[in-house]
Amino acid sequence: MSTAYETYQRAKDLGTPGPAASSKLVTLTIDGVEVSVPEGTTVLRAAALNGIGIPKLCATDSLDPFGSCRLCLVEIEGMKGLPASCTTEAKAGMKVTTQNEKVAKTRRNVMELYISDHPLDCLTCPTNGDCELQDMAGAVGLREVRYGYAGENHLDAKKDTSNPYFTFDPSKCIVCSRCVRACEEVQGTFALTIQGRGFESKVSPSQNQPFLDSECVSCGACVQACPTATLSENGLIEKGVPEHSVVTTCAYCGVGCSFRAEMKGQEVVRMVPNKDGHANHGHSCVKGRFAFGYATHKDRIKAPMIRETIHEPWREVSWDEAFAFAAGKIKSIQAKYGKGSVGGITSSRCTNEETYLVQKLVRAAFGNNNVDTCARVCHSPTGFGLKATLGESAGTQSFDSVMKADVIIVIGANPTDAHPVFASQMKRRLREGAKLIVLDPREIDLVRSPHVEADYHLQLRPGTNVALVNALSHVIMAENLQHQKFIADRCDPEGFKAWKEFILDPVNSPEHVFQETGVAPELVRGAARLYASKPNGAIYYGLGVTEHSQGSTTVMAIANLAMCTGNIGREGVGVNPLRGQNNVQGSCDMGSFPHELPGYRHVSDAATRALFGAAWGVEIQSQPGMRIPNMFDAAVAGTFKAMYIQGEDVAQSDPDTHHVTAALSSLECMIVQDIFLNETAKFATVFLPGSSFLEKNGTFTNAERRISPVRKVMEPLAGLEDWEVTQRLSNALGYPMTYRHPREIMAEIARLTPTFTGVSYEKLDRLGSIQWPCNDRAVDGTPTMHVGEFVRGKGLFKVTPYVPTDEITTRKYPLLLTTGRILSQYNVGAQTRRTENSKWHDEDVLEIHPHDAEQRGIEDGDWVGLQSRAGETVLRAVLSDRIQPGVVYTTFHHPFSGANVVTTDNSDWATNCPEYKVTAVQASKVTKLSDWQLKFAKFNEEQLGHLDRARQPHKVG
Ligand code: SF4
Ligand code: SF4
Ligand code: SF4
Ligand code: FES
């Protein structure tokens, strides 16, 4: 029998998806009741919408109707036989009977056939109580199986347990194809097929391979769709059917998927993507769906620790002692070296409320503006470039907007790996016929994947984005393809005039920039014409745009391109930064930058300072504080002495590791708040244990400005939520904070930030999520920005000259290194490396073109030394023609591979965002680790020893 909880969950399945938006209603009669539904609704859905349940197996409302199981058949007056209600459209005047003796008998016969080939082990089945087959047997009143169970059957079919997160038990399969269709329609991977015919038909991953070896990307869509125990989460198999659930938001990437954490007591049984989630509509990727085990990993640090220097063992202490120690250090350092000798870094992995408190602590308790965030090293150019051109430092659209795009440009982003759920939605639109233009030095999956092929792949040389985007605009203007009315009505005329003169200069022509970009002019012209010719053109970009010496210039060039074609201010168009971490947008919104208070208001603005000063009871400094690189430089120079870092791992994530670690080693006090002893914490003198996203309340803001609730599903392992830790540190420093719940922090944010005035926890509970701006002018939020008018009034074209990076190849460093992410790992990997995701990617490797490899005598799998002017590391080589000759590629998820030992201190001219994407390097075959790696291994061992002694006092001595 289903639990009340499961019945509730399943009741929400309306059987088939709703029709495309239709205002016309049709009225029909179902079981004598007159009902009206939107035109295009199926009979199955019409009945479900009106509380009439029709048995079904192959239908579910996340997939197109299929009509294979014949369980949902009904009688319809005037129609022959018994039509399947899932494939029959409701028509005006129809008279439907969902239940009579004839219908019931036929359904029982169908069920009998299914059950005669199904193991009768319901009582011991892991999904007992969570099985649609079981429910349907009850619903159709099946009491006996006349065919017996002794005939031909599949009961001996072997289980596939290769996937670390779910099990495939084919003996329970009813071949309804829901999994196959989910993999195609929802995920877009096409990893599953039905092999064989009739009784022999069976579900098969790829070419009859185990799941782990197949093309499956472990998104879980098939598991979600399966109505039986054939595809089940291992968590469910091991722990049993959950008892209660809490809706929360994924803490990994900037898509911000909504999940139901399904629980037994304090234990998460499984994370189920929320059908009502506005960013994901019930879909997920391997990280959010399955990689949550890190939250209870044995490496979690659950007690505060302190020490005088980084070369001595940690001492576990009480929270009170840790706060007193940390506050004492900060105060004495400020007394000795001045107020400006300390600073803080907020985290894009933390909630808005936590981030807000850290910047408040720095400005109010430290008394300076030395606060920065990891967005400095990823999307700070987005903030600068979009603010300058459009007037707001944020993406313009909802994810759903892509479903109205006719042509999509993807620049420097790899959505299938870094933003997988959005990538699935984009692929659906591409399969529907939208055109695709990819600008990327590497052949990302989107360029060619099942049923998706880019119309243009402009495979540019790293570092030449500005030249290529300018060339696209040049073609549009030179060939008179611009949207004249939009430009005249919506854009600043002076700005446009100057830009037009600039962009038409032949130096911006595809033929002229070919030398730099390496992209054939006819491809650039074709792509430009395609983008300009379609009614709706949407641009999505990522860190391949921002992490350059001209990152801000490229963002402005992209805005110019969108404005000159009129592609802003409605659905299906726009400029959309794909944010890396879950709360990059939020951490920027919350005033994490040294020059801006919450809501992107400059500290030099007296009215803004007065507003915050009055609310916080302090005087706010009018000069911007130090950015992260300035803090590191000052630390090395000896003028910056203490830092408070919440939830960031700068020692691994920031460029030029030698410089970063030199800076961290120079500090007299470093307070790290994190869930693990990450690479940065190894340089800390105070460790404050953090809480995972499962252990706290708050909100995250995703790449579409969507504020979503993060809800506590278990108590914090160390006893305090992260916002409480900051609050108590502030109190110890003598600046009082007295919040009782994050909702009070959000209330303060709303009071002080015009774009957030309408945001409250009550509204979030009611609406599920809210896209800012949310205020009197947009009470329920703003899905699309710049409608009718730009936030800054008129859109401002900016002149964007291409200035080649200083990071050029030389005889010594003849290759260009560019970096990126992989699906199964997340950022520095601190979380995902502590999950089974490492099965897919347990080391960072160097992708090198076979031609470059051959010249260097490198073979697949060889150890390769990678040297730049900043440093050297050693990785394993993988020969790949996904990159062009002259370019090498790696990821940065593992500390030991040290990709950032090699990246340099070059950075964006406007924002100091590091130029991670272009480093001149040499690669050569080696047989031993680099000096840095040997040093790293030694330091790591020393630090783990210090931790070990703190956690196991009996070993001390
Ligand atoms: S594995 Fe599940 S969803 Fe797929 S065909 Fe079998 S029963 Fe249906
Ligand atoms: S987990 Fe996702 S990718 Fe893998 S088979 Fe299932 S639906 Fe396809
Ligand atoms: S797409 Fe991003 S937000 Fe969604 S489940 Fe995956 S990692 Fe989490
Ligand atoms: S649910 Fe309609 S045919 Fe299967």
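Everything in this summary refers to the structure shown in the same document. (Residues numbered from 1 in each chain as written. Chains lettered and ligands numbered in written order. Predicted model: local features only at pLDDT ≥ 70, side-chain atom pairs only at ≥ 80, totals over all residues. Heavy atoms only, no water.)

This brings us to the site of ligand 1. The environment of ligand 1 is formed by 13 residues, the closest being Cys173, Cys176, Ser177, Cys179 and Cys226. Its residues placed into classes, the shell around ligand 1 shows nine nonpolar, three polar and one charged. (Near = heavy atom within 4 Å. Nonpolar A, V, L, I, M, F, W, Y, C, P; charged D, E, K, R; others polar.)

The next point concerns the packing of aromatic side chains. Counted under the stated rule, the structure contains 22 aromatic pairs. Ring centres 5.5 Å apart and planes at 65° place the aromatic pair Phe168 and Phe211 in the edge-to-face group. Placement of Phe168 in strand E5 (residues 166–168) and of Phe211 in the loop between strand E7 (202–205) and helix H6 (221–225) is noted, with a sequence separation of 43 residues between them. For the pair Phe168 and Phe211, a shared accessibility class is recorded, and that class is buried. Note on Phe683 and Phe939: the rings are 4.7 Å apart at their centroids and 35° apart in plane angle, and the pair reads as tilted. Residue Phe683 is found in the loop between strand E26 (669–674) and strand E27 (686–689), and its partner Phe939 is found in helix H31 (residues 931–951); the two are separated by 256 residues along the sequence. For Phe683, a relative accessible area of 9% puts it in the buried group. Every member of this aromatic cluster is reached through a ring pair, and the members are Tyr165, Phe166, Phe168, Phe211, Phe290 and Trp840. The ring of Tyr889 is capped by Arg442, whose NZ or CZ atom sits 3.9 Å from the centre of that ring. One cation-aromatic arrangement involves Arg490 over Phe790; the distance from NZ or CZ to the ring centre is 4.7 Å. (Phe/Tyr/Trp six-rings, centres within 6.5 Å; stacked < 30°, edge-to-face > 60°. Helix = DSSP H or I, 4+ residues; strand = E, 2+ residues; numbered from the N terminus. Buried < 20%, exposed > 50% of the residue type's maximum accessible area, 1.4 Å probe, protein only. Lys NZ or Arg CZ within 6 Å of the ring centre and 35° of its normal.)

Turning our attention to the pattern of salt bridges. Enumeration over the complete set of coordinates arrives at 51 salt bridges. A salt bridge links Glu704 to Arg706, with the nearest nitrogen and oxygen atoms 2.5 Å apart. The pair formed by Glu704 and Arg706 is uniform in burial state, with each residue classed as buried. Connected through salt bridges with shared partners, the residues Asp130, Glu233, Arg260, Glu262, Arg270 and Arg289 form a single ionic network. (Salt bridge = Lys/Arg side-chain N within 4 Å of Asp/Glu carboxyl O.)

Along the chain, the position of Thr60 falls in the loop between helix H2 (43–49) and strand E3 (75–76). The class for Thr60 is buried, based on a relative accessible area of 6%. Within the structure, the side chain of Thr60 is placed 2.7 Å from the side chain of Asp13, a separation counted as a polar contact. If near-sequence neighbours (up to four positions away) are discounted, Thr60 is found in contact with Asp13, Gly15, Thr16, Pro17 and Arg178. (Polar contact = N/O pair within 3.5 Å; in protein donor to acceptor, adjacent residues only side chain to side chain. Contact = heavy atoms within 4.5 Å.)

Let us look at the site of ligand 3. Taken together, Cys250, Tyr252, Cys253, Val255, Gly256, Cys257, Phe259, Cys285, Lys287, Gly288, Pro420 and Val421 make up all the residues around ligand 3. Those elements that provide at least two residues to the shell around ligand 3 are helix H8 (286–290) and helix H13 (420–431).

Looking at where Ala910 falls in the secondary structure, it is placed in the loop between helix H30 (899–902) and strand E36 (919–925). When the C-alpha atoms of Ala910 and Pro381 are compared, they prove to be 7.3 Å apart, with 529 residues separating the residues in sequence. With near-sequence residues (within four places) excluded, Ala910 lies in contact with Phe384, Ser552 and Arg627.

We now examine empty space enclosed by the protein. Under the criterion given, the structure shown has 11 cavities of 30 Å³ or more. Roughly 370 Å³ of internal volume is contained in the largest cavity. Lining the largest cavity are 27 residues, with Gly412, Ala413, Gly544, Thr819 and Lys917 positioned closest to its centre. Counting residues per element, the ones that place at least two in the lining of the largest cavity are helix H19 (543–546) and strand E31 (815–820). Of all the elements, E31 adds the most residues to the lining of the largest cavity, at three residues. (1 Å grid on protein atoms, 1.4 Å probe; cavity = no way out; pocket = protein on both sides within 12 Å on 5 of 7 lines; lining within 4 Å. Points joined across faces, edges and corners; volume = space filled by probe spheres on them.)

This brings us to the sheet that holds strand E21 (residues 537–541). Overall, parallel pairing links the five strands, which are arranged E20-E17-E16-E21-E22 in an open sheet. Of all the strands in the sheet, the pair left with one neighbour each is strand E20 (456–458) and strand E22 (575–577). Across the sheet, the mean angle separating the axes of adjacent strands is 15° when strand polarity is ignored. Against the sheet, helix H14 (residues 465–478) touches strand E16 (407–411), strand E17 (435–439) and E20, its axis set at about 145° to E17. Against the sheet, helix H18 (residues 521–533) contacts E16, E17, E20 and E21, and its axis sits at roughly 125° relative to E20. (Pairing = 2+ DSSP bridges. Axes fitted to C-alpha atoms, helices over the stretch in contact; angles between N-to-C directions.)

Relative to the helices and strands, Glu695 is located in the loop between E27 and strand E28 (698–701). Side chain to side chain, Glu695 and Arg300 meet in a polar contact 2.7 Å long.

Burial analysis of strand E33 (residues 863–867) places four of its five residues in the buried class, the great majority of the element. Direction of pairing for E33 relative to strand E34 (residues 872–879): antiparallel, over a ladder of five bridges. Paired with Leu866 across the strands is Thr873, a residue of E34. In this structure, the hairpin formed by E33 and E34 is closed by a connection of four residues.

Between helix H11 (residues 380–389) and helix H20 (residues 551–564), the shortest axis-to-axis distance is 8 Å and the interhelical angle comes to 40°. When the interaxial angle is binned, H11 and H20 end up oblique. H11 and H20 meet at a crossing whose hand is right-handed. Contacts from Pro381, Thr382, Phe384, Gly385, Leu386, Ala388 and Thr389 in H11 reach Gly551, Ser552, Val555, Met556, Ala559, Asn560 and Met563 in H20. (Parallel < 35°, antiparallel > 145°, perpendicular 65-115°, else oblique. Left-handed = near helix turned anticlockwise from the far one by under 90°.)

Once that is clear, we can look at the layout of surface pockets. As a volume, the second largest pocket reaches approximately 890 Å³. Surrounding the second largest pocket, 38 residues form its lining, Val217, Asp417, Asp445, Ile822 and Leu823 being those nearest its centre. Every element with two or more residues in the lining of the second largest pocket is listed here: helix H12 (415–418), H13, strand E18 (448–449), strand E32 (845–848) and strand E35 (887–891). Residue composition of the lining of the second largest pocket, by class: 15 nonpolar, 13 polar and 10 charged.

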